[in-house]
Amino acid sequence: MPCSPISPVVGITLETLEFYRVAHLRSPHLSIQAFVKTMSDLCGVEFHRHLSRQFSIAFDLYHQIRRTVASVLMTSLQRDSPDWRLKHACPACTYLLTDEDQLRFKMLYAMDGNDSLKRVIRRSLNDDDDNNNTPGTSSELPTGQLFVSDRYLARDFVDQFSQDASRNSGQENAPEENSCEGRWKNMDDSKTQKAWGIYDETGIFVAVCRHGFCLVITDMVQSGELAKYPLAVVSKLLDAFGDNLGGGYDIGCQFNTTLNNSSIGALARSLHHTCLVGAFHGHAHRRLCQLFSLTTYIKGLGIEDLETCERTFSKSNSLASPLRYTSIFHRKQAIDSYFEHNDDLEVFSNLSNFLYGNYKQALDILTNGNDVLPNAMRDLGVTDVGVFESWLEEEKAYLKGLTREPEEETLQMEYWQRLVTNTRKTESTRRHVLEDYERNLKLVQALECKLDIITRWVPDDGEWQRVGRLVANRKYQRALDRLEGLVVARIFELAKMNKAGTGYKLRKHIAKALQTRSAAIRSALNTYNNIASAMFPPRQILKWDEVVEYAFLADFDLLRNARVDVSQTPWSSPAARSAMDLHFKMCRAQEEISRLNVEVRRLVTYIRDEDIYLQVCEDQLKATSPALAHQVAIHRNIRGRFNSRHLKCLHDISKLPGFSGTVVPGVSARTGPGESASAPNARTPANMFTGRIPAHNPSSPVGADTQEDLDEEEVTEELIDNVELE
């Protein structure tokens, strides 16, 4: 592979380029410079910086050739229609069969943003700013390299949803069950806007199916996790897959409001798109939000946790350091190549293991539940599992009643506070009371008219004392809300600090924040306990070692019991709640088995159909285009190498005690051109070899670079780097 288009004097073998490509995909920390230094050591030559530049040029050209060959191959296989890769990303999700059972969710996916894969903008120094606090102008050189991928969403497509983000707050048609709306803010721009002058791409926003296959990617550009990114993702998936999609998002409750009020809200509702919250993040949401969005309580979801993005990011974060100072083109090329390799050789190879693990887990839940739940029901005096459904509805109704104060009580509390304020002012500062007397009197009279109060209340009246307790209860609820918020933030910070890959400086920063957070929690806990003990009757006193458990179980809401005492209701006891959760876990486990029975048969059918289709296409091309037939064989081997493993694992699934499906291949519902179950008709593209290869003109005035030219260029680059560092 030449390193320059004109008079090349250095060439790099394709074997070396392929070896680095595969090694880099397996270990993204391996940079081009480290690899070239390694090759220099093996060849016994001195390393020069221009060797890395030459290798990078050849590597880009090698990538371009691979993309061109892949495009020709897809055209030959009749798989070049728009969004072909997306619509066939996961065999278990997308390979529909004719006689399979209908699932509540056609596809389950998760989406989330990750700020690890940032890219620094190269800027010149600002001479006008003595303190150098203002970023200079961009010093990045323009490039003709443009990376295009069907895995990446274009910036223009994403930006068309920018105006939709402003529609999600304060809307009257927001769903009433969204008790977390306005509570969560991912990567608040007001706190991170200083970084936007440093970074151009501040991370990526991805969507993956429940098995881990990458669906779409978009760059987060000079911003945090804005609403336009998930809106663009949902729009793309609705266009590709249609109805009955379930999307998990860590702030899915709030995003549901955003989606309903967006330009695609009507489309999402008509296609029955469901916004969900992942199992891990969901435990930090309010209990009422959990009852509507948490995976445990959603019918048809199975045991899926919708936290696939977290597992995906734990691997893709290894790309962070090599991409920090690269170009836009090379960053996209590296990310796209990584996810393509991850889908083909990591996620697909583990697909049958995923099905086996989930099937075994679901059977274990049912086995354990059948042993434990009957005893728990007998202890609770419950004879029908339908009671658990009614308990869940009762809990929803109770928690909904706590979201808003009755209007009459609100007016009574305002009236009581006005009277108390006037009384206190009369005793302490008579002069100020006289000045404000007319204004306060008008407000009191207006409230008396609204409440139909004939005789003004005094401290000895029963109504005065009753409303005083309501005001105290309001303080109790607000103190409890503040305590819950602080504890939840602490749990997230602890999880981040203990996560693999978190740097030393970030760990120290989080540790310092936790010290401050702990002091704030203790202060909030003391405030809560003081208010709780002053309540009539006194409310539950919390201890330091209890608050973390309450935050995880989201039971803070059950401590409020402001107007209705739920302590005697059956669903509020720990035993009843444990039995209720076990029942719903068993329901989800049974749904998971139903889904896995469908996915197991899809996979075994796909393996058979795909292997036959590609084998026949290869045979058809051997006579007319042996080179293209060879590329089909390579393509068939990428995923075909795992077929024997998958078939063995699927056989093991069929031998599990309690298996209720079948591993007999079915019939695909899709038989259009290019489909695995269609009649193979491979063709040689008409323009396959029409591209003109530029020839070198010996009379060209541009000569080849000599070793002296390269050494001089290297010295110049080192001088420039030293000046920039100074």
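Position labels on residues start from 1 in each chain and follow its written sequence. For a predicted model such as this one, the threshold for reporting local features is a pLDDT of at least 70, and the threshold for listing and counting side-chain atom pairs is 80 or more; totals across whole chains, interfaces and linings nevertheless cover every residue. Excluded from the side-chain calculations are hydrogens and water; all other atoms, namely the structure's heavy atoms, are used.

**Student:** Let's hear about helix α25 (residues 643–654): which residues, and what values?
**Tutor:** The way it works is that DSSP assigns letters per residue, a run of H or I at least four long becomes a helix, a run of E at least two long becomes a strand, and they are numbered from the N terminus. One less than the number of residues in a helix, times 1.5 Å, gives the span that helix is expected to have. The end-to-end C-alpha distance of α25, which contains 12 residues, comes to 16 Å, matching closely the 16 Å that a straight helix rising 1.5 Å per residue would cover. For α25, the full list of buried residues reads N643, H646, C649, L650 and I653. In an axial view of α25, the angular spread of the buried residues amounts to 130°, which keeps them on one side of the axis. Exposed positions of α25 whose direction lies more than 90 degrees from the buried face are S644 and K648. Contacts made by the buried residues of α25 are with α16 (351–380), α23 (574–624) and α24 (626–640). Between buried and exposed lies partly exposed: a residue is buried under 20% and exposed over 50% of the maximum accessible area for its type, with that area taken using a 1.4 Å probe on protein chains only. Each C-beta atom gives one direction from the helix axis, and the arc is the one those directions make. Residue contacts follow a heavy-atom distance rule, with two residues in contact if any of their heavy atoms lie within 4.5 Å.

**Student:** Break down the pattern of salt bridges for me, with residues and values.
**Tutor:** Salt bridges are defined as contacts in which a side-chain nitrogen from Lys or Arg sits within 4 Å of a carboxyl oxygen from Asp or Glu. One pass over the full model with this rule turns up 26 salt bridges. Between R151 and D343 there is a salt bridge; the shortest N-O distance is 3.9 Å. With a gap of 192 residues between them, R151 in the loop between β1 (107–114) and α6 (155–159) and D343 in helix α15 (residues 328–347) connect regions that are remote in the sequence. The pair R151 / D343 is uniform in exposure class, with both members buried.

**Student:** Residues and numbers for the sheet that holds β1, please.
**Tutor:** Pairing between strands requires that DSSP locate at least two bridges from one strand to the other. On the basis of which strands lie adjacent, the open sheet formed by 5 strands has the order β3-β2-β1-β4-β5 and mixed pairing. Edge positions in the sheet fall to β3 (214–221) and β5 (274–276), since each of these pairs with one other strand and no more. Along the sheet, successive strands turn relative to each other by an average axial angle of 20°, direction set aside. When β1 meets strand β4 (residues 245–248), the two strands line up parallel, connected through 4 bridges. Pairing of L108 across the sheet is with G246, part of β4. As a rule, the C-alpha atoms of each element are fitted with a line to give its axis, helices using only the stretch in contact, and angles between N-to-C directions run from 0 to 180 degrees.

**Student:** Before we move on, could you go through the environment of Q615 and cite the residues and values that matter?
**Tutor:** Here Q615 is to be found in helix α23. Once the C-alpha coordinates of Q615 and A629 are considered, the two residues, 14 residues apart in sequence, prove to be 9.6 Å apart.

**Student:** Got a sec to walk through the environment of A524? Specific residues and values, please.
**Tutor:** Within the secondary structure, A524 sits in helix α21 (residues 504–534). Note on A524: relative accessible area 2%, which makes it buried. For the pair A524 and L483, spaced 41 residues apart in the sequence, the C-alpha separation amounts to 5.5 Å.

**Student:** Can you break down unusual backbone geometry residue by residue, with the values?
**Tutor:** Of note, the phi angle at Q78 is positive, near 60°, even though the residue is not glycine. Structurally, Q78 is set in the loop between α3 (49–76) and α4 (84–87). Q78 gets classed as buried once you look at its relative accessible area, which sits at 16%. Positioned with a positive phi, L306 is a non-glycine residue whose angle comes to about 60°. Note that L306 resides in the loop between α12 (287–293) and α13 (308–316).

**Student:** Hey, could you go over the packing of aromatic side chains for me, with residue numbers and the actual values?
**Tutor:** Between rings of Phe, Tyr and Trp, where Trp is taken as its six-membered ring, a pair exists when centres lie within 6.5 Å; planes separated by under 30 degrees are stacked, by over 60 edge-to-face, and by other angles tilted. For the structure shown, the criterion picks out 18 aromatic pairs. Between Y95 and Y606, the aromatic rings sit 5.5 Å apart at their centres with planes inclined by 75°, giving edge-to-face as the arrangement. With Y95 in the loop between α5 (91–94) and β1 and Y606 in helix α23, this pair connects stretches of sequence that are 511 residues apart. The exposure class of Y95 is buried, given its relative accessible area of 6%. When its relative accessible area of 13% is taken as the criterion, Y606 is described as buried. Linked through ring pairs, F19, Y20, F35, F55 and F59 together constitute an aromatic cluster.

**Student:** Can you explain the nonpolar core? Please cite residues and give values.
**Tutor:** We call a set of buried residues a nonpolar core when its members are Ala, Val, Leu, Ile, Met, Phe, Trp, Tyr or Cys and they connect through side-chain atoms within 4.5 Å of each other. Among the nonpolar cores identified, the biggest contains 77 residues, and M111, L215 and L237 are the most heavily contacted of them. The element contributing the most residues to this core is α23, with 14 residues. Setting aside its immediate chain neighbours within four residues, L215 contacts R85, L86, A89, M107, Y109, R151, A207, V208, C209 and L237. By size, the runner-up hydrophobic cluster in this structure holds 17 residues, among which are Y152, I204, L319 and A320.

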